[in-house]
Amino acid sequence: MKSQTNTGYVAFLSLVAAIGGILFGYDTAVISGTISGVASQFSLDAMQQGWFVGCALVGSIGGVAVAGVLSDRFGRKLTMLLSAVLFTVSAVGCAVSADFTQLVVYRIVGGVGIGVVSIVSPMYISEVAVARWRGTLVSLYQLAITVGFLAAYLVNFQILKSAETAAYASPWMQKIWVTELWRGMFGAETLPALLFFTVIFFIQKSPRWLVLRGRDVRAHAVLQRIYRSSEAADEEIAAVHGTASASSKSEWRVLFEPGIRKAVVIGVFIAILGQFMGVNAVLYYGPTIFENAGLSSGDSLFSQVLVGVVNMLTSVLALVIIDRVGRKQLVYWGVSGMIVSLLCIGFYFMCGAALGLPSVFLLVFFLAYIFCCAVSICAVVWVLLSEMYPTRVRGLAMSIAGLALWVGTYLIGQLTPWMLENLTPAGTFFLFAAMCVPYMLIIWRAVPETTGRSLEEIEKYWQKMNNTNNESGAVRIQAGDLRRLDHLRDINLTTDTMDFQKLAGEYKSELLDSVLPFWLEHSQDKQYGGYFTCLE
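A short tour of the structure in this document, coming up. All figures in this text were calculated on a predicted structure; none of them were measured in a lab.

The next point concerns the overall build of the protein chain. The helix and strand tally for the protein chain stands at 24 helices and 0 strands. Every one of the 536 residues in the protein chain was classed for burial, and the buried ones make up 54%. Sequence-distant contacts, at least 24 apart, represent 79% of the contacts inside the protein chain between residues at least 6 apart. Accessible surface, the protein chain: about 22,200 Å² in total, of which carbon and sulfur atoms supply 62%.

Next up on the list: the packing of helix H5 (residues 100-128) against helix H20 (residues 394-422). Remark: H5 packs on H20, axes separated minimally by 10 Å, with the N-to-C direction vectors making an angle of 135 degrees. With respect to their mutual orientation, H5 and H20 come out oblique. Crossing handedness for the pair H5 and H20: right-handed. Together, Ile114, Gly115, Ser118, Ile119, Pro122, Met123, Ser126 and Glu127 of H5 and Arg394, Gly395, Met398, Ser399, Gly402 and Trp406 of H20 make up the contact between the two elements.

Moving on, we come to the nonpolar core. Judged by nonpolar contacts, the single largest core of 152 residues is most densely connected at Phe52, Val335, Met338, Tyr369, Tyr389, Trp406 and Tyr439. With 13 residues, helix H6 (residues 134-162) is the single largest residue contributor to this core. In this structure Val335 touches Met277, Leu330, Ser376, Ile377, Cys436, Tyr439 and Met440, once residues within four positions along its chain are discounted.

Here the focus is the pattern of salt bridges. As enumerated under the stated definition, the model contains 8 salt bridges in all. A salt bridge links Arg76 to Asp72; its shortest N-O distance comes to 2.8 Å. With respect to class, Arg76 is no different from Asp72; both count as buried. Note that Glu387 is salt-bridged to Arg134, the shortest N-O span being 2.7 Å. Of this pair, Glu387 sits in helix H19 (residues 377-387) while Arg134 sits in helix H6, and the two are 253 residues apart along the sequence.

Let us look at the packing of aromatic side chains. This model, assessed by the stated rule, comprises 14 aromatic pairs. Following the ring pairs from residue to residue traces out a cluster consisting of Phe42, Phe52, Phe100, Trp182 and Phe186. One residue, Arg132, lies across the ring of Trp133, its end atom 4.5 Å from the ring centre. The residue whose ring lies beneath Arg445 is Trp444, and the NZ or CZ to ring-centre distance is 5.3 Å.

So, about helix H4 (residues 76-95). Between the first and last C-alpha of H4 there are 29 Å, a value that for 20 residues agrees with the 28 Å anticipated at 1.5 Å per step. With 15 of its 20 residues buried, H4 lies for the most part within the structure.

Right, let's get into empty space enclosed by the protein. Over the atoms rolls a probe the size of a water molecule, and in doing so it shows where empty space is left. Inspection of every chain in the model, using the stated rule, returns 3 cavities of 30 Å³ or more. Here the largest cavity defines a volume of roughly 280 Å³. The set of elements that each furnish at least two residues to the lining of the largest cavity consists of helix H1 (7-29), H6, helix H14 (258-275), helix H15 (279-292), H19 and H20. As a volume, the second largest cavity reaches approximately 60 Å³. Lining the second largest cavity, in full, are Asp27, Thr28, Ile31, Val53, Ala56, Leu57, Arg107, Ile114, Tyr284 and Trp406. Looking at the lining of the second largest cavity, the elements with two or more residues in it are H1, helix H3 (46-74) and H5. For the lining of the second largest cavity, the element with the highest residue contribution is H3, accounting for 3 residues.

Before going further, it helps to spend a moment on unusual backbone geometry. The residue Ser43 is not glycine, and still its phi comes out positive at about 50 degrees. The backbone phi angle of Thr424 is positive, close to 70 degrees, even though this residue is not glycine. Relative to the helices and strands, Thr424 is located in helix H21 (residues 424-446). With a relative accessible area of 38%, Thr424 lands in the partly exposed category.

In this section: the environment of Phe24. Structurally, the position occupied by Phe24 is in helix H1. A relative accessible area of 6% means that Phe24 is categorised as buried. Here the alpha-carbon distance between Phe24 and Ile145, two residues 121 residues apart in the chain, equals 6.0 Å. When sequence neighbours within four positions are dropped, the list of residues in contact with Phe24 reads Phe87, Ile114, Val117, Ser118, Tyr141, Ile145, Trp382 and Trp406.

Reading guide: rules and limits
- Residues numbered from 1 in each chain as written.
- Predicted model: local features only at pLDDT ≥ 70, side-chain atom pairs only at ≥ 80, totals over all residues.
- Heavy atoms only, no water.
- Helix = DSSP H or I, 4+ residues; strand = E, 2+ residues; numbered from the N terminus.
- Buried < 20%, exposed > 50% of the residue type's maximum accessible area, 1.4 Å probe, protein only.
- Contact = heavy atoms within 4.5 Å.
- Areas by Shrake-Rupley, 256 points an atom, 1.4 Å probe, with all protein chains shown as cover.
- Axes fitted to C-alpha atoms, helices over the stretch in contact; angles between N-to-C directions.
- Parallel < 35°, antiparallel > 145°, perpendicular 65-115°, else oblique.
- Left-handed = near helix turned anticlockwise from the far one by under 90°.
- Core = buried A, V, L, I, M, F, W, Y, C linked by side-chain atoms within 4.5 Å.
- Salt bridge = Lys/Arg side-chain N within 4 Å of Asp/Glu carboxyl O.
- Phe/Tyr/Trp six-rings, centres within 6.5 Å; stacked < 30°, edge-to-face > 60°.
- Lys NZ or Arg CZ within 6 Å of the ring centre and 35° of its normal.
- Expected span 1.5 Å × (residues − 1).
- 1 Å grid on protein atoms, 1.4 Å probe; cavity = no way out; pocket = protein on both sides within 12 Å on 5 of 7 lines; lining within 4 Å.
- Points joined across faces, edges and corners; volume = space filled by probe spheres on them.

Function cannot be inferred from these measures alone, as they are strictly geometric.
Rendered as structure tokens:
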């Protein structure tokens, strides 16, 4: 099957869906260059400026709340088409807004588009990708987001520079590109939005969604084109049917099964904690932070362009290595680097002036932070959220996690100005560094390594946890039990925090009876490493 995979076709499907990420990134980042112009033109106070920044995030929360239901009911393709329409309406509407209220309304429309595409695009990619490339292909979506970020920064910078010398005979063109630059910055999104709308018509519907809707013939045609094998297509359809038929419960009831519930809760914590590690504070308020550090308006926008360049190039690196290094290893190394970088930024704001450090040090620390962030949590979060959940509830579960992500994004967008003022910049970045610790602990303790596993294999992992948790009168068989059994067998391996003496004294025979068959069955399983060597 490996040699028969239609690489070009899978890449095409993934690239089309990833264009949604470009729109996500542009619509999110363009705000950074428009705040001062909009605030000046409409005489906004501090609260109104915060609402201007946050209103699109409110739309995003609404978008993710309905994206899963829409994508499960109408399909991933039609839902992406809806997001393209929303982006187009928002771009044109913002460019021609007559007052602040209209501008806010159209920003909310664009925010709904962001929320919808943030769920459905990575979901679609994960469902058309083969297992060994899924991390790389879903990472295309994150790369596309960074391309959108960089495009927004470049457009903002170029419009600002060209306005210094440009002059147009048309009053409307003069208004958009010279006197009210924010209109041109928002309106430039129209072109990629129309491109996304057009190319969606050239892709197929998700084969896994088709199977769940009973359209096996159409799903077989798509899968056969992907795998270039009728037998492989039949195997994939059978696997989807096998996991989908494991439960006849409604989608909401499935979410509350112990194993699936744990996956959903983990996804929520991953999504919301990631927003309190500073990345969106930098993306939204980067120019403001740089200006407060002593850079001019032009220099601060140029510094933000450098942030965008590093973000994009690092995402390319993550795309190349994510399926080789693994999701969890990227998080361990990347988040460790984020902690160091955030501490350096905090110490710069605390001691930089006294030590006479130039602002270039701050820029270097920021770029190091963006590098570590882009190669780890930014690349991994959408991959994990798109592959953690069972197919029949993937849209709903991703919406819940996405809702948590956007609530976190909204909160950090609203709280960052307050934190910079009341906690000082140093205290703000020290707080971001502290929030990295629980994130890494959750990835370490609660998230399985999904690299190289098919979506059906990942789904069976959570179902196995559900079945294990539901066994009455039996000891749960997990890696921790194997470690405890090693001690019962006088093998010198590390135990966890459970009371081993109580376990050994009260449940010794039950533990041996339930775990030994599991031990023998999985003696070659890489997941349990050397725990089986004592049987030799």
